[in-house]
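# Residue-level structure breakdown
Below are the chains, spelled out letter by letter.
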Protein chains: 2
Amino acid sequence: MPRYVIGLDFGTNSCRSLLVDVTTGRELAGHVFPYPSGKDGLIIDASEPNLARQNPADYILGIEETIRGAIEKGKLAESGFNASDIIGIGVDTTGSSPMPVDEKGQALCFQERFKDNPAAMVWLWKDHTAYKEAAQITQLASDIRPQYLSKIGGVYSSEWWWSKILRCKNIARDVFDAAAGWVEICDWIPAVLTGELSPDKLMRSVCAAGHKAMFNPAWQGLPDAEFLDRLSPGLGSLRPRLYGRAYTADNRAGTLSPEWAQKLGLSPSVAVAVGAFDAHMGAVGAGIAPGTLVKIIGTSTCDILIHPSSQPLQDIPGVCGIVDGSVMSGYYGIEAGQSGVGDIFLWFVNTLVPERYGRTPEEQFSGLEKTGSALKPGESGLLALDWNNGNRTILVDARLSGLLIGQTLHTQPHEIYRALLEATGFGALVIIDRIEQYGVRIREVVNCGGLASRNALMMQIYADITGRPMKISRSEQTPALGAAVFAAAVAGSKAGGHDSVGAAQKAMVGIGREYRPVAENHRIYRRLYSLYRQMHDAFGTQEWSGRMFNIMKELLDIRDEVRRPA
Amino acid sequence: MPRYVIGLDFGTNSCRSLLVDVTTGRELAGHVFPYPSGKDGLIIDASEPNLARQNPADYILGIEETIRGAIEKGKLAESGFNASDIIGIGVDTTGSSPMPVDEKGQALCFQERFKDNPAAMVWLWKDHTAYKEAAQITQLASDIRPQYLSKIGGVYSSEWWWSKILRCKNIARDVFDAAAGWVEICDWIPAVLTGELSPDKLMRSVCAAGHKAMFNPAWQGLPDAEFLDRLSPGLGSLRPRLYGRAYTADNRAGTLSPEWAQKLGLSPSVAVAVGAFDAHMGAVGAGIAPGTLVKIIGTSTCDILIHPSSQPLQDIPGVCGIVDGSVMSGYYGIEAGQSGVGDIFLWFVNTLVPERYGRTPEEQFSGLEKTGSALKPGESGLLALDWNNGNRTILVDARLSGLLIGQTLHTQPHEIYRALLEATGFGALVIIDRIEQYGVRIREVVNCGGLASRNALMMQIYADITGRPMKISRSEQTPALGAAVFAAAVAGSKAGGHDSVGAAQKAMVGIGREYRPVAENHRIYRRLYSLYRQMHDAFGTQEWSGRMFNIMKELLDIRDEVRRPA
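Cut-offs used in this document
Going along each chain's sequence as written, the residues are numbered from 1 onward. All chains are assigned letters beginning at A, and all ligands numbers beginning at 1, according to the order in which they are written. Local features in this predicted model are restricted to residues whose pLDDT is 70 or higher, and side-chain atom pairs enter the listing and the counts only when it is 80 or higher, whereas totals over whole chains, interfaces and linings include all residues. Excluded from the side-chain calculations are hydrogens and water; all other atoms, namely the structure's heavy atoms, are used. In this description, strands pair whenever DSSP reports at least two bridges between them. Helix and strand definitions follow DSSP, with helices as H or I runs of at least four residues and strands as E runs of at least two, each counted in order from the N terminus. Comment: axis = line fitted to C-alpha atoms, over the contacting stretch for helices; angle = value between 0 and 180 degrees taken between N-to-C directions. Expected span, for any helix, means 1.5 Å times one less than how many residues it has. The cut-offs work like this: below 35 degrees is roughly parallel, past 145 is roughly antiparallel, 65 to 115 is roughly perpendicular, and the gaps in between are oblique. In what follows, a contact means two residues having at least one pair of non-hydrogen atoms within 4.5 Å. When residue character is reported, Ala, Val, Leu, Ile, Met, Phe, Trp, Tyr, Cys and Pro are called nonpolar, Asp, Glu, Lys and Arg charged, and the others, Gly included, polar. Throughout this description, buried means an accessible area under 20% of the type-specific maximum (1.4 Å probe, protein chains only), exposed means over 50%, and partly exposed covers the range between. Side-chain atoms within 4.5 Å link the members of a nonpolar core, which is a set of buried Ala, Val, Leu, Ile, Met, Phe, Trp, Tyr and Cys residues. All copies are superposed by least squares; the fitting set is the C-alpha atoms of residues with a pLDDT of at least 70 in both. Any carboxyl oxygen of Asp or Glu within 4 Å of a side-chain nitrogen of Lys or Arg constitutes a salt bridge here.

## Topic: the sheet that holds strand β18 (residues 444-448) of chain B
Residue and element names in this part refer to chain B.
- Strand order in the open sheet formed by 7 strands is β14-β15-β13-β12-β18-β19-β20, and the pairing between neighbours is mixed. Across the chains shown, the open sheet's two edge strands, defined by having one partner strand only, are β14 (321-324) and β20 (511-515). If you compare each strand with its neighbour and ignore which way they point, the axes differ by 25 degrees on average.
- Across 8 bridges, the pairing between strand β13 (residues 301-308) and strand β15 (residues 331-338) is antiparallel.

## Details of helix α16 (residues 478-491) of chain A
- The terminal C-alpha atoms of α16(A), which comprises 14 residues, lie 19 Å apart, in line with the 20 Å expected from a rise of 1.5 Å per residue.
- Trailing α16(A) by a residue or two, A:Gly492 shows a phi angle of about 85 degrees, which is positive.

## Comments concerning the packing of helix α10 (residues 278-286) of chain A against α16(A)
Residues and elements named next belong to chain A.
- Here α10 crosses α16 at 80 degrees, and the two axes come no closer than 6 Å. Relative to α16, α10 is oriented roughly perpendicular. Mapping the contact onto sequence places Asp 278, Met 281, Gly 282, Val 284, Gly 285 and Ala 286 in α10 and Thr 478, Pro 479, Leu 481, Gly 482, Ala 483, Val 485 and Phe 486 in α16.
- Tallied by class, the residues present in the contact of α10 with α16 amount to 8 nonpolar, 4 polar and 1 charged.

## Re helix α11 (residues 342-352) of chain B
- Across the 11 residues of α11(B), 8 count as buried, placing the element largely inside the fold.
- Within the sequence span of α11(B), burial applies to B:Gly342, B:Ile344, B:Phe345, B:Trp347, B:Phe348, B:Val349, B:Thr351 and B:Leu352.

## Section: the nonpolar core
- Counting residues in hydrophobic clusters, the biggest one holds 148 residues, and the most contacted among them are A:Phe539, A:Met548, B:Phe539 and B:Met548.
- In contact with B:Phe539, other than residues within four places in its own chain, are A:Ile405, A:Met535, A:Phe539, A:Met548, A:Phe549, A:Ile551, A:Met552, B:Leu385, B:Trp387, B:Leu400, B:Leu403 and B:Met548.

## Structural notes on the relation of the copies chain A and chain B
- Mapping chain A onto chain B calls for a rotation angle of 179 degrees and an axial translation of 0.1 Å; the resulting RMSD is 0.1 Å. The transformation relating the two chain copies, once decomposed into turn and shift, fits a two-fold axis.
- Take the interface residues of chain A: 100% of them recur as interface residues in chain B, which is what a same-surface contact looks like.

## Concerning the pattern of salt bridges
- Enumeration over the complete set of coordinates arrives at 52 salt bridges over all chains.
- One salt bridge in this structure joins B:Asp116 and B:Lys115, with 3.4 Å as the shortest N-O distance.
- Residue class for B:Asp116 comes out exposed when judged on its relative accessible area of 62%.
- In this structure B:Lys115 comes out as partly exposed when scored by relative accessible area, which is 39%.
- One salt bridge connects B:Arg441 with B:Glu436, and the closest N-O pair in it is separated by 2.6 Å.
- A residue is classified by how much of its surface remains accessible, and B:Arg441, at 47% relative accessible area, is partly exposed.
- Each of A:Arg399, B:Asp557, B:Arg559 and B:Asp560 takes part in salt bridges that share partners, so that together they form one network.

As structure tokens, this is what we get:
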């Protein structure tokens, strides 16, 4: 008898459910719920462009709508399907997206006095109001607790937990004082489903804790009270009201509460997994394994890798985080990323591509891909740096910018487009090289996200640049599928699920298309990569010193060699 | 009684006449004649894109058509005007544009056996078939006659006299052997008018000889026979059939031949001046004087300066040529140039500017100028190198390429357009700095050419970058006007002309609009220029070595300072 699990994926503008067969990974049905609050689900402030909040009531509506929708569609897709065949629910969310809660674990903004106060809502991952607080945290940690920074790439972000809480204390003291505790929404939503909301009982995700809250067993959990009080007197008193333990997502948060079971028409025995972030569960849904890098490619990329916890692992400078268990239990989760990928291509198409390539951005992308595919590596003579939005890994520096070199009077838009694709490929290889340099081998890459499945030219270029196979995840909803994998694992084999995340992943996750590197292209890209690396280090690091005269010459040499008929 | 002179300007696709009042400089009339031969006047070869020749018969037709046209229009413009009031003719042409001639000075291609042979035609300035020969000349001179290179920027060009003659010897031996001599068309056309065509009597222009044929009194004229024979055995035997003297254009080549006087309805007493190149006569027509740089701005720029021959002048590394008398008698003519100016802007508009800026290139330029003018210096955060077509002065390197730095996800086309304008302004300042560094002061700049009169934004940016007034020539036909100035000088005051080029220039040449530097803009551009200079030296010279990390940071700092409200 087939068994099913539900992955719930809470994104920036909407949430979605995915109903998955635990034996085959078949995605029976799914349902999307756009958040009704604010503008496209975001509470914003015209006078403060850095502000981005969410209304947690949207999540509760979303749980109900998306699960009901998936069940209805599942019945249409499979006549034998029954809601009672559902044995588990997994949850992934954006993050760091913290929220202040009362002593019962309810959102402060559910209280009448705070209902219109953005500080009492969810501080969404992309909220950057706390940039000064982030700089203060980085500075203080660098002065007195350098170990806190060593696991997170050396710089604490305005997107993260402590920056936002400190910001709230600075600008909305009433909210800060009213908060019995703070939760990440990846912790809160599973707790809503189990009914165990109380802040001191709610099971915290090690993924959120380790990557965003500087939680690490090496220093007994969260940053110490002295550090917090040095940041802001009184902040230290929050520490005992937070948490001392954090859990991997193969732990069961509990079972579905009787209220939710009744509302959704599900069994109260349905297991609910501890939550985690979308990228990390998405990596599992894409087929992450030791030696396999998962790239989630969208406007930017999130790169996820795992390394057995039983083997030694040094700190890797420039990666965003190394957290034991943040992806899968028994492995270090390593997170890296590129600040601008799809965003750069979209900027180029929206800004600098004339209409002869197409009238809409879609047509233009298609026209650029067609003409750009006809070019050989090196043929345009162009080289770009992919820093229009700064550089996350390995430079961890937002104050960088884009660069294009090699233009002539004949340079065409599709040549620049291809150079931008290549720049992001070189940027990807810098990350791979850095991680391998610290002892973690990367044999292949699994790519997921919209660009990976849509942009065949980009994927072939990545294969040719890195000299590694580029595989595309079979599922187009890897975060939700990853959440479903964890649901199947916490449901357990007795209930018809699986014994472990590994077993569940093996059964449920697969690869679609694969791009293999072309040796001749790789050979040319090795030469271009050494020029990229020279530019990268010259413009991106304080240490580099040397000559640049070779760059234009070598680009012209390579161009001339490639263009010359054999 | 008003007296008139005619300036004849022989360009790449057409020639033109300008009928000018010698007392006031008033341009009474002009007439353009598009060359009938080939494609737009160019004899080309689909299988050899470097080839560009002209049919000298077009010049003869052009003399007749343009002078007759000007006289007819002059009569309509001024009822009192009579062809007998014309007292002189001056000639400027492109160059180096050499042509093989027979012992009577007639073009070899006028002979039946050579009439379709491109090697027997005019090797137009932009013909680049002789690039290998140019490299050979540079190499040999650098080995055994370094002094030959010291006056021409260190590199002999494929566009120049000896490269083309050597090429002819290499690939069309019959033509080379049949040639009694070779002439520049700026020497040949005045000779056609006077009827004194014989190669040993024809008066050679010191402008062409000195800038393009390595002619210099310091080594008794042209390169010695040993050098020529080392280039190619037998080439040395051509030397005695060429010339041992060269003349400034304030010399009279003669008077109009009876045949031409009759054909044109002019007096046979009309004086004909020795010819020179368009840029050099154009500089005179723009008002060149010591301390005044003339920039002729088109697809590229030609920069002309004069320095009294009585004062010492060192060689200036990187300038294209230093030739005594090439612009005006009694002065060194200094020639420099930028390889890409209008060409870069046109490339950008044709390639990367979307239709929302306008439907035609004209509308797009207008849209870019409007939006680009609203920006402050530094506001875009962008910096460009103006090397899409290589760099002539001061790097003398065709194997360079364009560069743009500072792009974000918000960068707009008009910001890039302005950065490209600024890049050419910085390039202009590099030339000014180099020349001043060698003791020649530049107090102001007079600009001419289409871009100078059309592009007010560019001219204001140049004033702000250089901190010097940018004046615009009153005439839009400065080469033809300059030729007319020389015509008035060789006609002499007794005939109603002038006693000297200086006196003629003072009477006939004027300034139109003037752009003055804005101190605050200049202050910001000083900072940007130091970054440009760093990039220029880093990418353009073998010697430079250092760090580049500051570039992106300083561009962002300047941008943030400029954007911040005061």
